[in-house]
Amino acid sequence: FSSTPNYSWFHDKPSSYEISNEVKITISNEEQLRAVAKIVDEQKSVMMGGTEFKDSQKDVNEQKVLQKALGVVKSKQKIYEQSLGISLSPVRVIDQRVYARPVPRIQPQTRDYLKQQSSALSSMAVTEGGAPMPQESADFGAITYSADTAVEFVIK
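In short, a report on the structure. Along each chain, numbering runs from 1 in the same order as the chain's sequence is written. Given that this is a predicted model, residues contribute local features only at a pLDDT of at least 70 and side-chain atom pairs are listed and counted only at 80 or more, while totals for whole chains, interfaces and linings are drawn from all residues. Think of the side-chain values as coming from all heavy atoms in the structure, minus any hydrogens and water.

1. Here we look at the overall build of the protein
Regarding its fold elements, the protein presents three helices and six strands. Only DSSP runs of H or I with at least four residues qualify as helices, and only runs of E with at least two residues qualify as strands; both kinds are numbered from the N terminus onward. Moving toward the C terminus, one meets the helices and strands of the protein in the order β-β-α-α-β-α-β-β-β. Counting every position in the protein, which comprises 156 residues, the buried fraction comes to 13%. Look at the contacts in the protein between residues 6 or more apart in sequence, and 61% of them connect residues 24 or more apart. Per-residue accessibility takes into account occlusion by the displayed protein chains alone, with areas from the Shrake-Rupley method and a 1.4 Å probe. Split by element, the accessible area of the protein, about 13000 Å² in all, is 52% carbon and sulfur. Whether a residue is buried, partly exposed or exposed follows from its accessible area with a 1.4 Å probe, protein chains only, as a fraction of its type maximum: under 20%, in between, or over 50%, in that order. By definition, residues are in contact when any of their heavy atoms lie within 4.5 Å.

What follows is the structure in structure tokens.
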């Protein structure tokens, strides 16, 4: 709740006050977002200040992507050992980072334009890096996780 005075051009005293209430709403699907947007559209005194996406399964998803990154490290370790005829032993993890990025959504107008330009792109969304991704994974509030891992090995 806040009350902000509005001053006229030539007076030191407030001529009116703007009273506002801020309400934060937690939603979990697109249907709920549409319901909130409908209220904002129908009521002139209601404004939507913004949206912020949070992943309720963040810790689990970060663990999964880290396990996958370490699996890649292990598979490369085996390739080096087999190709070079050596044995590698991990010493320490040098660097490990997890990135969480919202999946960009293509607006319906853009999707229609893509259908006209190329039938191959009509059923795909485009990620930030430009790589196509199946449309069904670009759901409401979807987040893409990725991880970078660097491991130091010693030759036995």
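2. Concerning the nonpolar core
If you look at the biggest cluster of nonpolar residues, it comprises five residues: Val65, Leu66, Ala69, Tyr145 and Ala147. Sorting the residues of this core by element identifies α2 (58-84) and β6 (143-155) as the ones contributing at least two each. Ignoring any residue separated from it by four or fewer positions in sequence, one finds valine 65 in contact with Val98, Tyr145, Ser146 and Ala147. Residues belong to a common nonpolar core when they are buried Ala, Val, Leu, Ile, Met, Phe, Trp, Tyr or Cys residues joined through side-chain atoms within 4.5 Å.

3. Notes on the pairing of strand β2 (residues 14-20)
The pairing of strand β1 (residues 2-7) with β2 spans six bridges and is classified as antiparallel. The residue of β2 that forms the bridge with asparagine 6 is serine 16. Counted along the chain from β1 to the antiparallel partner β2, the turn is six residues long. Should DSSP find at least two bridges between two strands, the strands are taken to pair.

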